[in-house]
Amino acid sequence: MVKTVIITHDDLDGVGAAALYLRGKGLKPYEVLIGFSKPHQIVEKLKKALKEEPEVIAVMDLGLNKDIVDEVVNIISSSNVVIEWFDHHVWDKNWIRKLESVNVRLYVDNSTCATGVVAKYLGLNDEFSLKLVGVICAIDLWRWDNPLAPFMYRIGMWVDEKQESLLKLVAFFASGKLWDKDFDEIVEEYVNKELKNYKKIDRIVEVMDIDDCRVVLAVKYWDGPPHRSLLAQYLIARYNADVAIILRPWGGISLRSRTVDVRSIALELGGGGHPRASGAPLNASWLRKIFARIYPRILYGPVKRRVVAAIMKTGCKYIGGEGESQGDYT
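Residues numbered from 1 in each chain as written. Predicted model: local features only at pLDDT ≥ 70, side-chain atom pairs only at ≥ 80, totals over all residues. Heavy atoms only, no water.

### Points about the overall build of the protein chain
Within the protein chain, the regular secondary structure consists of 13 helices and 11 strands. Taking the principal axes of the C-alpha coordinates as reference, the protein chain spans close to 50 × 45 × 40 Å. With 330 residues in all, the protein chain has 58% of them scored as buried. In the protein chain, of all internal contacts separated by at least 6 residues, the share reaching a separation of at least 24 is 69%. (Helix = DSSP H or I, 4+ residues; strand = E, 2+ residues; numbered from the N terminus. Buried < 20%, exposed > 50% of the residue type's maximum accessible area, 1.4 Å probe, protein only. Contact = heavy atoms within 4.5 Å.)

Here it is, written out as structure tokens:
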């Protein structure tokens, strides 16, 4: 029986947070059970973790949304397991009160990435931890103020959603290593694929003007690079848009913006996230998802109606400042 279970986001920030948690607690990767999750999977991941009967469950880089918060509270309240929750997404004050009422040790800090939250609250000030926080926050907060960030970003995308590769990267960081010579070839190969696949998206783009907000809609119907955050930046620049919405047939809806609060839109769509990077469920039939691989536009009909309704309800809320996360939030 394992004493500690880690549930963390299946992206680079989730990996970094898990690695620093291991270092901060003096644990080895083989001593814990690590599970990777997307935000909408947190309920099933918590249920699965509790079946292991651990002493501690540590949740990292995973926020909540209004549709699951009560279920999460009910699951936690029925257990005596210690829950530690490290996150940097935007939390409703009511959600915080509900989790704290069932004795969750909640560490929410919007000023840094999740890796930084773990480092801060576990008191990790060593040179390696600070370097890891620096490069991952540069990526996840979309600051790009670290010279290693563009290269590490591609490593994160390369391991994205590959359970075995994610675990290896956690162990690699936990050992105090930041870069490996084999990463050079991975980055070169990934960038070549990125450049090739940018050409696919322009054929299926739709642009809508809603409530003084220009929205560009696209379907990422292929697997692999470029990542949706980079794709969104490309679409916003190319089509002079305020918001980019990217649909993934077997994933969800990704919302990105430089100037508009897309989290408020995502909440109306049943999701959540950051002001500049959020996500929501796709809610399309399996038949549409299958045909979307061949005819991507088949997803537009129902999604366009939902998006228009959400923006008309929330309005196009403009935000200022820099440094909000554009990381992997659905």
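### Considerations on the pairing of strand β2 (residues 33–37)
Pairing of strand β1 (residues 4–9) with β2, which is carried by 5 bridges, proceeds in the parallel orientation. Bridge pairing in β2 places Thr8 opposite Phe36. Crossover connection from β1 via helix α1 (residues 12–25) to parallel β2: handedness right-handed. (Pairing = 2+ DSSP bridges. Right-handed = clockwise from strand over helix to strand, strands pointing away.)

### A few points about helix α13 (residues 300–314)
At 3.6 residues per turn, the α-helix brings residues three or four places apart onto the same side. Spanning 15 residues, α13 covers 21 Å between terminal C-alpha atoms, matching the ideal 21 Å at 1.5 Å per step. Buried within α13 we find Tyr300, Pro302, Val303, Val307, Ala310, Ile311 and Thr314. Taken around the axis of α13, the buried residues stretch over an arc of 170 degrees, which confines them to a single face. Of the residues in α13, the exposed ones pointing more than 90 degrees away from the buried face are Arg305, Met312 and Lys313. Packed against the buried residues of α13 are β6 (206–210), β7 (213–219), β8 (243–247), β9 (252–257), α11 (262–268) and α12 (286–292). Directly after α13, the chain includes Gly315, whose backbone phi takes a positive value near 80 degrees. (Expected span 1.5 Å × (residues − 1). Arc of directions from axis to C-beta.)

### Things to note about the side chain of His9
Residue position: His9 is located in strand β1. Among the polar contacts listed, one links the side chain of His9 to the side chain of Asp61, at a separation of 3.3 Å. (Polar contact = N/O pair within 3.5 Å; in protein donor to acceptor, adjacent residues only side chain to side chain.)

### Remarks on the packing of aromatic side chains
On inspection of all chains with the given rule, the structure shows 12 aromatic pairs. Summarising the aromatic geometry, the rings of Trp142 and Trp144 are spaced 5.2 Å apart at their centres and angled 75 degrees between planes, so their arrangement reads as edge-to-face. Between the aromatic rings of Trp144 and Tyr153, the centroid separation amounts to 5.4 Å while the plane-to-plane angle is 70 degrees, which identifies the pairing as edge-to-face. Judged by relative accessible area, which is 29%, Trp144 ranks as partly exposed. Linked through ring pairs, Tyr21, Phe86, Tyr107 and Tyr121 together constitute an aromatic cluster. (Phe/Tyr/Trp six-rings, centres within 6.5 Å; stacked < 30°, edge-to-face > 60°.)

### Some thoughts on the pairing of strand β5 (residues 105–108)
Where strand β4 (residues 82–87) and β5 come together, 4 bridges link them in parallel fashion. Residue pairing for β5: Trp85 is matched across the bridge by Leu106. A crossover links β4 with its parallel partner β5, the connecting element being helix α4 (residues 93–101), and its sense is right-handed.

### Here's the deal with a nonpolar patch on the surface
A cluster of nonpolar residues, Trp250, Trp286, Leu287, Ile290, Phe291, Ile294 and Tyr295, forms a patch on the protein surface that exposes about 850 Å² of accessible area. Looking at where Trp250 falls in the secondary structure, it is placed in the loop between β8 and β9. The exposure class assigned to Trp250 is exposed, which follows from its relative accessible area of 51%. (Patch = residues over 30% accessible without salt bridge, like charges linked within 9 Å, V, L, I, M, F, W, Y side chains within 5 Å. Areas by Shrake-Rupley, 256 points an atom, 1.4 Å probe, with all protein chains shown as cover. Salt bridge = Lys/Arg side-chain N within 4 Å of Asp/Glu carboxyl O.)

### So, the sheet that holds β1
With parallel pairing, the 5 strands of this open sheet are ordered in space as β2-β1-β3-β4-β5. A single partner strand is all that each edge strand has here, and the edge strands are β2 and β5. The sheet shows a mean angle of 15 degrees between the axes of neighbouring strands, direction not considered. Examined bridge by bridge, strand β3 (residues 56–60) and β4 share 5 bridges and lie parallel to one another. Residue pairing across strands places Ile57 opposite Ile83, the latter belonging to β4. Those strands touched by helix α5 (residues 114–121) are β3, β4 and β5, and its axis lies near 125 degrees from that of β4. (Axes fitted to C-alpha atoms, helices over the stretch in contact; angles between N-to-C directions.)

### Focus: the state of the cysteines
The tally for this structure, following the rule as stated, stands at 2 disulfides. Paired through a disulfide, Cys113 and Cys137 show a sulfur-sulfur distance of 2.1 Å. Given an S-S torsion of about -80 degrees, the disulfide between Cys113 and Cys137 has left-handed geometry. Here Cys137 lies in helix α6 (residues 127–140) and Cys113 lies in the loop between β5 and α5, a separation of 24 residues in the sequence. Shown here is the disulfide that connects Cys213 with Cys316, its sulfur atoms set 2.4 Å apart. (Disulfide = S-S within 2.5 Å.)

### Re the confidence of the model for the protein chain
Note that predicted coordinates carrying low pLDDT should not be read in detail. Put simply, the protein chain has an average pLDDT of 91, and 96% of its residues get 70 or more. Ignoring residues within four places in sequence, the model shows residues 322–327, a span with pLDDT below 50, making 27 contacts including any to other chains. (pLDDT = per-residue confidence, 0-100.)

### Some remarks on the nonpolar core
If you look at the biggest cluster of nonpolar residues, it comprises 92 residues, and the most contacted ones within it are Ile6, Met60, Leu169, Phe173, Ile245 and Leu247. For Leu169, the residues in contact, after removing those within four places along its chain, are Leu12, Val15, Ile155, Val159 and Phe183. Core analysis: the next-biggest nonpolar cluster, separate from the first, contains 27 residues, Val43, Leu50, Val72 and Trp95 among them. (Core = buried A, V, L, I, M, F, W, Y, C linked by side-chain atoms within 4.5 Å.)

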